[in-house]
Amino acid sequence: MIFDTKKVYLLLGSNLGDREQLIEDAIKQIANEIGEVFIRSSVYETEAWEMKISLLF
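Residue positions within a chain follow its written sequence, with the count starting from 1. Side-chain atom pairs in this predicted model are given and counted only at pLDDT of 80 or more, local residue features only at pLDDT of at least 70, and totals for whole chains, interfaces and linings cover all residues. As a rule here, side-chain values cover all heavy atoms of the structure and leave hydrogens and water aside.

J.: Could you give me a rundown of the overall build of the protein chain, with the residues and numbers involved?
T.: Of the regular secondary structure elements, the protein chain holds one helix and zero strands. Scored against the burial criterion, the 57 residues of the protein chain give a buried share of 7%. Surface summary for the protein chain: the accessible area is close to 6,000 Å², and the carbon and sulfur share equals 56%. Helix numbers and strand numbers start at the N terminus; a helix is a DSSP run of H or I with at least 4 residues, a strand a run of E with at least 2. When a residue's accessible area, from a 1.4 Å probe over protein chains only, is under 20% of the maximum for its type it is buried; when over 50% it is exposed; and in between it is partly exposed. Only the protein chains shown count as covering a residue, and every accessible area follows the Shrake-Rupley method with a 1.4 Å probe.

If you want it as structure tokens, here you go:
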């Protein structure tokens, strides 16, 4: 069987609970259900835009 493979660039984010663990769980689920995740970037935290709260996202 021949598969037609494509590159996909997917950005994930979370702002609830253990954010890094939620992203890690999402990557594992993607690998299990869709296919191998070849490259991952670092995790970045940023301040909220146009919100008057001091949470990091």
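Structure shown, so let's carry the discussion forward.
J.: A description of a nonpolar patch on the surface should follow, citing residues and the corresponding values.
T.: Every patch collects residues that have over 30% relative accessible area and no salt bridge, joining them within 9 Å if they carry like charges and within 5 Å if they are nonpolar side chains (Val, Leu, Ile, Met, Phe, Trp, Tyr). Salt bridges are defined as contacts in which a side-chain nitrogen from Lys or Arg sits within 4 Å of a carboxyl oxygen from Asp or Glu. Taken together, the side chains of Val-8, Leu-10 and Leu-12 define a hydrophobic patch exposed on the protein surface, amounting to about 300 Å² of accessible area. Relative to the helices and strands, Leu-10 is located in the segment before helix H1 (19-33). Under the relative-accessibility criterion, Leu-10 is labelled exposed at 56%.

J.: Tell me about the layout of surface pockets, and name the residues and values.
T.: In this analysis, the protein atoms alone were mapped onto a 1 Å grid. Cavities are point sets where a 1.4 Å probe fits without being able to get out; pockets are open sets with protein on both sides within 12 Å along at least five of seven lines; lining residues have an atom within 4 Å of a point. Grid points are joined across faces, edges and corners, and a volume is the space filled by probe spheres set on the points. Of the pockets and cavities examined, the largest pocket occupies roughly 1,300 Å³. As for the largest pocket, its lining consists of 28 residues, and the residues nearest its centre are Val-8, Tyr-9, Leu-10, Val-37 and Ile-39. Classification convention: Asp, Glu, Lys, Arg as charged; Ala, Val, Leu, Ile, Met, Phe, Trp, Tyr, Cys, Pro as nonpolar; all other residues, Gly among them, as polar. Partitioning the lining of the largest pocket into residue classes produces 15 nonpolar, six polar and seven charged.

J.: Tell me about the pattern of salt bridges, and name the residues and values.
T.: Taken as a whole and assessed by the stated rule, the structure comprises two salt bridges. Arg-19 is the partner of Glu-45 in a salt bridge, and the nearest nitrogen-oxygen pair spans 2.3 Å. With Glu-45 in the segment after H1 and Arg-19 in helix H1, this residue pair connects regions lying 26 residues apart in the sequence. Overall, Glu-45 belongs to the partly exposed group, its relative accessible area being 48%. Looking at Arg-19, the relative accessible area reads 24%, which means it is partly exposed. Notably, a salt bridge pairs Glu-24 with Arg-40, separated by 2.9 Å at the nearest N-O pair. Linking Glu-24 in helix H1 with Arg-40 in the segment after H1, this pair joins segments that are 16 residues apart in sequence. The exposure class assigned to Arg-40 is partly exposed, which follows from its relative accessible area of 47%.

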